[in-house]
Amino acid sequence: MIAGTRNINYLRISVTDRCNFRCRYCIPAAPFKFIEHDNIARYEEILRIVRIGCDMGITKVRVTGGEPFVRKGIFFFIRQLCRISQLKDISITTNGSRLNRNKIKELMDMGIQRLNFSLDTLVPEKFIWITGRDRFHKVWDTIMAAHDLGMSPIKINTVALKGFNDDEIQAIAGLTLKYPFHVRFIEHMQMGDTDVDASQQILTRDIKNLIIGAHGPLTAVPKGANDGPAKPYVLAGGPGILGFITPVSSHFCSECNRLRLTSRGTLRPCLLQNNETDILTPLRNGADDEALKQIMVTALKDKPLCHNLEKRTARDMPLNHMTSIGG
Ligand code: SAM
Ligand code: SF4
């Protein structure tokens, strides 16, 4: 699939907007209205959209949410995805709290080699504060189980926030000195009305300075096939890789090869623009594959060349929360 000069081969599938965590930057503390059950795309509907996408050039998918592992039947769904021969790369983003050694083994047996875990702190009390749940040890044990089982690469996503984990950037980056993890610091984006705002953003330049101050130079290394927008670096002597996802300080729109399918069955060509195209309703109304292909092509016409996040005011920011789009 083509959008301008970009070849779109990557579909991010949000299977649910629900989550067992309440990360402060993702879901508001105030009562939050999740999508009604009937309006969530069913697995067979998602699989049909993925198959059509594959006919049009999709070769890579990421399953995300909300928290994908809170949705019933998720292992069945992932197994079906793994059977789609055109898909060369299937990965999952998770908070890790619903997985354990056996479930990771089951995922690996299906062919999943890549998991991204979210982890914003190494301090259990701070983990409770940011996620609203006392699950630090559970998540850490899951990450270690994935490591022991040989899952590779294991990516750790950390949203950097002033006044919360700026004093831990060095320690979190230091994980790459001990483990072959890919630790990626993500600049906070203001999405919806959460109780974290732009004043808590830490830009990559400052994150890098904190790391260099503690661990010495960061050496840039060539991008791997699965690095996405994160620019990879290493610290001397470490087996792991550090990455920086910079939607605010340096947008990567010209390289963006993604299309998102939200859990309510809309196609969203850009995380940071509110325009979405409903594909679920036509599908439920009996549209044939050709008509659904055309909907995908039309949706991609809306893929912007540049989101200009750094120039936006709070009023222009995405109205949807990350959990309802799929991070
Ligand atoms: N529940 C899973 C998890 O946390 O990994 C998958 C969904 S979550 C929405 C995907 C990613 O989006 C996480 O790494 C999370 O830290 C990130 N994220 C959520 N809200 C964000 C925000 N406002 N700015 C930057 N990253 C955000
Ligand atoms: Fe849930 Fe992930 Fe959002 Fe945290 S970031 S609330 S784990 S969906």
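Residues numbered from 1 in each chain as written. Chains lettered and ligands numbered in written order. Predicted model: local features only at pLDDT ≥ 70, side-chain atom pairs only at ≥ 80, totals over all residues. Heavy atoms only, no water.

With six of its six residues buried, strand E8 (residues 182-187) lies for the most part within the structure. You can see the chain leave strand E7 (residues 154-160), run along helix H6 (residues 169-178) and come back into E8, and the turn it takes is right-handed. Here E8 runs beside strand E11 (residues 241-245); their pairing, made up of five bridges, is parallel. Across the sheet, the residue bridging to arginine 184 is glycine 243, located in E11. (Buried < 20%, exposed > 50% of the residue type's maximum accessible area, 1.4 Å probe, protein only. Helix = DSSP H or I, 4+ residues; strand = E, 2+ residues; numbered from the N terminus. Right-handed = clockwise from strand over helix to strand, strands pointing away. Pairing = 2+ DSSP bridges.)

A few words now on the side chain of lysine 126. Mapped onto the elements of the fold, lysine 126 is located in helix H4 (residues 124-131). On the basis of relative accessibility, which here comes to 18%, the residue lysine 126 falls in the buried class. Among the polar contacts made by the side chain of lysine 126, one reaches the side chain of aspartate 167 at a distance of 3.0 Å. With sequence-adjacent residues up to four places away left out, lysine 126 is seen in contact with Thr121, Phe164, Asn165, Asp167 and Glu168. (Polar contact = N/O pair within 3.5 Å; in protein donor to acceptor, adjacent residues only side chain to side chain. Contact = heavy atoms within 4.5 Å.)

Inspection of the region around ligand 1 gives 19 residues, with Gly66, Glu67, Thr93, Ser118 and Met189 positioned closest. Within the contact set of ligand 1, an oxygen atom lies 3.2 Å away from a backbone nitrogen or oxygen of threonine 94. Contact between ligand 1 and asparagine 157: an oxygen atom at 3.4 Å from a side-chain N or O atom of the residue. Contact with the protein chains removes 95% of the 550 Å² of surface that ligand 1 exposes when unbound. Only strand E5 (89-94), E7 and E8 provide two or more residues apiece to the shell around ligand 1. (Near = heavy atom within 4 Å. Areas by Shrake-Rupley, 256 points an atom, 1.4 Å probe, with all protein chains shown as cover.)

If you walk through the whole model with that rule in mind, you get eleven aromatic pairs. Ring geometry for phenylalanine 69 and phenylalanine 75: centres 5.7 Å apart, planes at 50°, overall tilted. Looking at phenylalanine 69, the relative accessible area reads 7%, which means it is buried. Where tyrosine 233 meets phenylalanine 244, the ring centres are 5.6 Å apart and the plane angle is 70°; that geometry is what we call edge-to-face. In this pair, tyrosine 233 sits in strand E10 (residues 233-235) while phenylalanine 244 sits in strand E11, placing the two residues eleven residues apart along the sequence. For the pair tyrosine 233 and phenylalanine 244, a shared accessibility class is recorded, and that class is buried. Among the aromatic residues, ring-to-ring pairing joins Phe21, Phe127, Phe136, Trp140, Tyr179 and Phe181 into one connected group. The ring of tryptophan 129 carries the charged tip of arginine 24 above its face, separated from the ring centre by 3.8 Å. When the ring centre of phenylalanine 164 is taken as reference, the NZ or CZ atom of lysine 126 above it lies at 5.4 Å. (Phe/Tyr/Trp six-rings, centres within 6.5 Å; stacked < 30°, edge-to-face > 60°. Lys NZ or Arg CZ within 6 Å of the ring centre and 35° of its normal.)

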